[in-house]
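# Residue-level structure breakdown
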Amino acid sequence: MSEGAKKITKSEEQMMEIFWNSEEPLTSVDIVNMKVKDTWGNGLVHNIIRSLLEKGMLQACGLERCKTQYARTLCPTLTKEEYIAKLMMEKAGGKEARCKVMLAFAKEEENKEETIAELEGIVEELREIVRKEKGDLSN
């Protein structure tokens, strides 16, 4: 999902929350058995999952035996934070606007010194990612 974030419906977002909050891959059977919403029957759960698979939000990541059949286990293709970042980047537009959005987030924090320290840590993580990418390209 390297291009912009796909638009998802409210029901799809609620389904993604279930996957994002799960520590393990889930099957459609798991979702139905959770009885998350009374209105989410077997057919609707399958329809939402199919739509999320088509939009690239979920991917099959294994198989699990459910009674006498097998069901695909599903995993999100990106974290909730990555999804939100993609949506925000799409809304913000160009690089300058994205930088202003990041600054606006930082300004909202009460402890500015702590925020600066966290941002410095993020910059170091990004530098490490760039170093690894450069190393991968030279191999």
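As the structure is a computational prediction, the values presented were derived from the model and not from experiment.

## Brief notes about the nonpolar core
- Ranked by internal contacts, the top residues of the largest apolar core, which has 18 residues, are M15, I31, L52 and M57.
- Listing elements by their share of this core, those giving two or more residues are helix 1 (10-21) and helix 3 (42-54).
- Tallying contributions element by element places helix 1 first for this core, with 5 residues.
- Ignoring sequence-local partners within four residues, the contact set of L52 consists of I8, E12, M15, M16, M57 and L58.

## Brief notes about the pairing of strand 1 (residues 58-66)
- Sheet analysis places strand 1 next to strand 2 (residues 69-76), joined by 8 bridges and oriented antiparallel. Across the sheet, the residue bridging to R65 is Y70, located in strand 2.
- Counting the residues between successive antiparallel strands, the hairpin from strand 1 to strand 2 contains 2 residues, one of them, K67, with a positive phi of roughly 60°.

## Looking at helix 4 (residues 80-92)
- Its 13 residues place the ends of helix 4 18 Å apart at the C-alpha level, agreeing with the 18 Å of an ideal helix rising 1.5 Å per residue.
- Of the residues one or two after helix 4, G93 is the one with positive phi, at around 90°.

## Considerations on the layout of surface pockets
- Here the largest pocket is characterised by a volume of approximately 730 Å³.
- Around the largest pocket, the lining comprises 17 residues; the ones closest to its centre are A85, M102, F105, L119 and I122.
- Counting only elements with at least two residues in the lining of the largest pocket, the list comes to helix 4, helix 5 (95-108) and helix 6 (112-138).
- Ranked by the residues each element gives to the lining of the largest pocket, the list is headed by helix 4, at 6 residues.
- When the residues that make up the lining of the largest pocket are grouped by side-chain class, the tally is 12 nonpolar, 1 polar and 4 charged.
- Of the volumes computed, that of the second largest pocket is approximately 330 Å³.
- Contributing to the lining of the second largest pocket are 16 residues, with S28, V29, H46, Y70 and A71 lying nearest its centre.
- Class assignment for the residues of the lining of the second largest pocket results in 8 nonpolar, 5 polar and 3 charged.

The rules behind these values
- Residues numbered from 1 in each chain as written.
- Predicted model: local features only at pLDDT ≥ 70, side-chain atom pairs only at ≥ 80, totals over all residues.
- Heavy atoms only, no water.
- Core = buried A, V, L, I, M, F, W, Y, C linked by side-chain atoms within 4.5 Å.
- Buried < 20%, exposed > 50% of the residue type's maximum accessible area, 1.4 Å probe, protein only.
- Helix = DSSP H or I, 4+ residues; strand = E, 2+ residues; numbered from the N terminus.
- Contact = heavy atoms within 4.5 Å.
- Pairing = 2+ DSSP bridges.
- Expected span 1.5 Å × (residues − 1).
- 1 Å grid on protein atoms, 1.4 Å probe; cavity = no way out; pocket = protein on both sides within 12 Å on 5 of 7 lines; lining within 4 Å.
- Points joined across faces, edges and corners; volume = space filled by probe spheres on them.
- Nonpolar A, V, L, I, M, F, W, Y, C, P; charged D, E, K, R; others polar.

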